[in-house]
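Below are the chains, spelled out letter by letter.
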Amino acid sequence: MRPEFGDTAGAIFAVTLVVDMPITKLHALDVIAFAADSAIQDARTASPRVPLSPEAWAEVQIPRFADPPPIAIDVCSDASVEVASAAADRLTEALTQVGWTVRARRSDEI
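Worth saying up front: this structure is predicted, and the values here are computed from it rather than measured.

Participant: Describe the packing of helix α1 (residues 25-35) against helix α2 (residues 81-97), listing the residues and the values that go with them.
Facilitator: Orientation of α1 relative to α2, taken along the N-to-C sense of each, is 100°, at an axis distance of 9 Å. Relative to α2, the element α1 lies roughly perpendicular. Listed contacts from α2 to V31, I32 and A35 of α1 are L91, A94 and L95.

Participant: Account for the pairing of strand β5 (residues 71-77), naming residues and giving values.
Facilitator: Most of β5 sits out of view: seven of its seven residues are buried. Of the two faces of β5, the one carrying I71, I73, V75 and S77 and the one carrying A72, D74 and C76 are both buried. Sheet analysis places strand β4 (residues 56-61) next to β5, joined by six bridges and oriented antiparallel. Each residue of the ladder has a partner; that of A56, found in β5, is S77.

Rules of the game
Residues numbered from 1 in each chain as written. Predicted model: local features only at pLDDT ≥ 70, side-chain atom pairs only at ≥ 80, totals over all residues. Heavy atoms only, no water. Axes fitted to C-alpha atoms, helices over the stretch in contact; angles between N-to-C directions. Helix = DSSP H or I, 4+ residues; strand = E, 2+ residues; numbered from the N terminus. Parallel < 35°, antiparallel > 145°, perpendicular 65-115°, else oblique. Contact = heavy atoms within 4.5 Å. Buried < 20%, exposed > 50% of the residue type's maximum accessible area, 1.4 Å probe, protein only. Pairing = 2+ DSSP bridges.

This is the structure:
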């Protein structure tokens, strides 16, 4: 799988992963934290994140009201696109191990 590279408000470099399932942002962050053996930071703020390494973290974007899944997981880094990509690969593997199906974002998805 080759994830799509993009940007997010919180980082210079980001790789977006997609999960096609109905899940809340908080539950998604909980699963990501569990799979990554990490903890949610800033859980009660508008910008919670899960650290994946010293230079990478995951943020969850949920659909707008009345939009169906998918959810987007932005794996972010301020260091480099290679750091974000490596963290995304590790997270994809970890989420697959807990039963999630993760894919790259399609061009028709925002």
